[in-house]
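A closer look at the structure
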Amino acid sequence: PVYGPWFGYRAVITFPKRLWSKALPGGGGVGKELASPCPETELMEVSNVQTDVLGKWGAVSEAESWAGLLRVTDTFKIGAEHRYSEPQARFHYAADKETRRAVLKECTA
């Protein structure tokens, strides 16, 4: 819970199926022992932004859609101090390879 959504995009953790089944009652859903570290109000705010962003996906430009994903992660308060730097965010949330290439050049200059 320290790194918020910024850690989630940098790593994947996998568990054997038997461990997963024991951790989650019935093998699915979030059990009480896996409660969210975010307050309910923060989760609702994130959910509202995510619904807005995904609801517009395809109706707005690709660049706007990708910028919307950054809006979703920026809505989380938990881990905000670990947010990507501006160049990292521009790279990871760029809709096109030209922008990513420009950011890489900028960072190596």
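Because the structure is predicted, anything quoted here is derived from the model rather than measured.

Let's talk about the overall build of the protein
- Counting secondary structure elements, the protein contains six helices and zero strands.
- Reading the protein from its N end, one meets helices and strands in the order α-α-α-α-α-α.
- A buried classification covers 21% of the 109 residues belonging to the protein.
- Put simply, 53% of the contacts in the protein that link residues at least 6 apart link residues at least 24 apart.
- Surface summary for the protein: the accessible area is close to 7900 Å², and the carbon and sulfur share equals 61%.

Brief notes about the pattern of salt bridges
- Per the stated rule, a full pass over the model turns up six salt bridges.
- A salt bridge links Asp-52 to Arg-71; the shortest N-O distance between them is 3.3 Å. Taken together, the positions of Asp-52 in helix 3 (residues 40-56) and Arg-71 in helix 4 (residues 62-75) put the pair 19 residues apart, joining distant regions of the chain.
- On the basis of relative accessibility, which here comes to 29%, the residue Asp-52 falls in the partly exposed class.
- Of the charged contacts in the structure, one is a salt bridge between Arg-90 and Glu-106, with a shortest N-O distance of 2.6 Å. Residue Arg-90 is located in helix 5 (residues 86-92), and its partner Glu-106 is located in helix 6 (residues 97-108); the two are separated by 16 residues in the primary sequence.
- Classification of Arg-90 as partly exposed rests on a relative accessible area of 34%.

Considering the nonpolar core
- Of all hydrophobic cores here, the largest spans seven residues; its members are Cys-38, Val-46, Val-49, Val-53, Val-72, Phe-76 and Ile-78.
- Considering every element that reaches this core, the biggest residue donor is helix 3, with three residues.

Comments concerning helix 6
- For helix 6, which comprises 12 residues, the first-to-last C-alpha distance of 17 Å matches the rise-based estimate of 16 Å (1.5 Å per residue) to within 8%.
- The N-terminus of helix 6 is capped by Asp-96, whose side-chain oxygen sits 3.3 Å from the backbone nitrogen of Glu-98.

Considerations on the side chain of Ser-65
- Secondary-structure assignment places Ser-65 in helix 4.
- In this structure Ser-65 touches Val-53, Trp-57, Gly-58 and Val-60, once residues within four positions along its chain are discounted.

Brief notes about the confidence of the model for the protein
- In this model, the protein carries an average pLDDT of 79, and 68% of its residues clear a pLDDT of 70 or more.
- Model confidence for the protein, summarised as mean pLDDT per element, is weakest for helix 2 (residues 17-23) at 49 and strongest for helix 4 at 93.

Points about the packing of helix 3 against helix 4
- Here helix 3 crosses helix 4 at 175°, and the two axes come no closer than 9 Å. Relative to helix 4, the element helix 3 is oriented roughly antiparallel. Here Glu-42, Glu-45, Val-46, Val-49, Gln-50, Asp-52 and Val-53 of helix 3 lie close against helix 4, whose contacting residues are Ser-65, Gly-68, Leu-69, Arg-71, Val-72 and Thr-75.
- Residues belonging to the contact of helix 3 with helix 4 are distributed by class as follows: five nonpolar, four polar and four charged.

Thresholds applied
Residues numbered from 1 in each chain as written. Predicted model: local features only at pLDDT ≥ 70, side-chain atom pairs only at ≥ 80, totals over all residues. Heavy atoms only, no water. Helix = DSSP H or I, 4+ residues; strand = E, 2+ residues; numbered from the N terminus. Buried < 20%, exposed > 50% of the residue type's maximum accessible area, 1.4 Å probe, protein only. Contact = heavy atoms within 4.5 Å. Areas by Shrake-Rupley, 256 points an atom, 1.4 Å probe, with all protein chains shown as cover. Salt bridge = Lys/Arg side-chain N within 4 Å of Asp/Glu carboxyl O. Core = buried A, V, L, I, M, F, W, Y, C linked by side-chain atoms within 4.5 Å. Expected span 1.5 Å × (residues − 1). Polar contact = N/O pair within 3.5 Å; in protein donor to acceptor, adjacent residues only side chain to side chain. pLDDT = per-residue confidence, 0-100. Axes fitted to C-alpha atoms, helices over the stretch in contact; angles between N-to-C directions. Parallel < 35°, antiparallel > 145°, perpendicular 65-115°, else oblique. Nonpolar A, V, L, I, M, F, W, Y, C, P; charged D, E, K, R; others polar.

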